[in-house]
Amino acid sequence: MTTWQDFEYEAPDLAPLVRARFEANKHHVLATLRRGGGPRVSGTEVRFVGADLTVGSMYGAVKALDLRRDGRFALHSNPGDGSMADGDAKVSGTAVEITDPAELAAYEGDLPEAPPGAFHAFRLEPEEVVLTTVADDRLVIHSWRRGEGVRRFERT
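This report concerns the structure included in the present document. On a predicted model such as this, the values are computed, not experimentally measured, just so you know.

So, how was this worked out
- Residues numbered from 1 in each chain as written.
- Predicted model: local features only at pLDDT ≥ 70, side-chain atom pairs only at ≥ 80, totals over all residues.
- Heavy atoms only, no water.
- Helix = DSSP H or I, 4+ residues; strand = E, 2+ residues; numbered from the N terminus.
- Rg over C-alpha atoms; globule rule 2.2 N^0.38 Å.
- Buried < 20%, exposed > 50% of the residue type's maximum accessible area, 1.4 Å probe, protein only.
- Pairing = 2+ DSSP bridges.
- Contact = heavy atoms within 4.5 Å.
- 1 Å grid on protein atoms, 1.4 Å probe; cavity = no way out; pocket = protein on both sides within 12 Å on 5 of 7 lines; lining within 4 Å.
- Points joined across faces, edges and corners; volume = space filled by probe spheres on them.
- Nonpolar A, V, L, I, M, F, W, Y, C, P; charged D, E, K, R; others polar.

**Here's the deal with the overall build of the protein**
Consideration 1: When helices and strands are tallied, the protein shows 4 helices and 9 strands.
Consideration 2: Each helix and strand of the protein, ordered N terminal to C terminal, gives the series α-α-β-β-β-β-α-β-β-α-β-β-β.
Consideration 3: Computed over the C-alpha atoms, the radius of gyration of the protein is 16 Å, within 12% of the 15 Å expected from 2.2 N^0.38 for a compact globule of 156 residues.
Consideration 4: By principal-axis analysis of the C-alpha atoms, the protein measures approximately 50 × 35 × 30 Å.

**Re the pairing of strand S1 (residues 28-33)**
Consideration 1: Taking every second residue as pointing to the same face, the buried face of S1 carries His28, Leu30 and Thr32, while none of Val29, Ala31 and Leu33 on the other face is buried.
Consideration 2: Direction of pairing for S1 relative to strand S2 (residues 39-44): antiparallel, over a ladder of 6 bridges. Paired with Val29 across the bridge in S2 is Gly43.
Consideration 3: What sits between S1 and S2 in their antiparallel hairpin is a turn of 5 residues, with Gly37 showing a positive phi close to 100°.

**Remarks on the side chain of Thr54**
Consideration 1: By the element assignment, Thr54 lies in strand S4 (residues 52-58).
Consideration 2: The exposure class of Thr54 is buried, given its relative accessible area of 2%.
Consideration 3: In this structure, Thr54 is in contact with Glu45, Val46, Arg47, Val49, Ile98, Tyr107, Phe122 and Arg123, ignoring residues within four places of it in sequence.

**Section: the environment of Gly43**
Consideration 1: Residue position: Gly43 is located in strand S2.
Consideration 2: The sequence separation of Gly43 and Leu14 amounts to 29 residues, and the corresponding C-alpha distance is 24 Å.
Consideration 3: Discounting chain neighbours no more than four positions away, the residues touching Gly43 are His28 and Lys63.

**What about the layout of surface pockets?**
Consideration 1: In this model, the largest pocket occupies a volume close to 730 Å³.
Consideration 2: Glu45, Arg47, Gly56, Tyr107 and Leu111 are, among the 27 residues lining the largest pocket, the residues nearest its centre.
Consideration 3: Of all elements in the fold, only helix H2 (15-24), strand S3 (46-49), S4 and strand S7 (119-135) reach the threshold of two or more residues within the lining of the largest pocket.
Consideration 4: Counting residues per element, the lining of the largest pocket draws most heavily on S4, at 5 residues.
Consideration 5: In the lining of the largest pocket, the residues fall into 13 nonpolar, 8 polar and 6 charged.

Note that every value here comes from positions in space, so none of it alone points to a role or purpose.
And the structure:
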């Protein structure tokens, strides 16, 4: 298991940049796996709660059911105005449903307002994090994988 806090520890220069991309906009895109194995993309909001990156869902929503069945996910930050000024962030890994009452209470307590009804909450355990930025006429890609540290690539 890798928490967001673990990622911050292993990639102290990259983590705040990625976090800023997810905090810059409210809505992002979450990819999950359907029962038959095909991809499903859904709009979602993310939150940083304690040591974790989290996502919530209305109770019984298909993205939540997908994650309960197979926790693999990919999360793509909202590109904002399309300028790529602050980069494009992606996180992939495994989602784990939060079921412990104390953890659920902490999650719900961090929300700006209580959900109107039952909900699902998931802790996202990152296995790969990528930030792509534009510098002059090239793409600069910073990629972190659990246990491998950060690598930097450039493409023209």
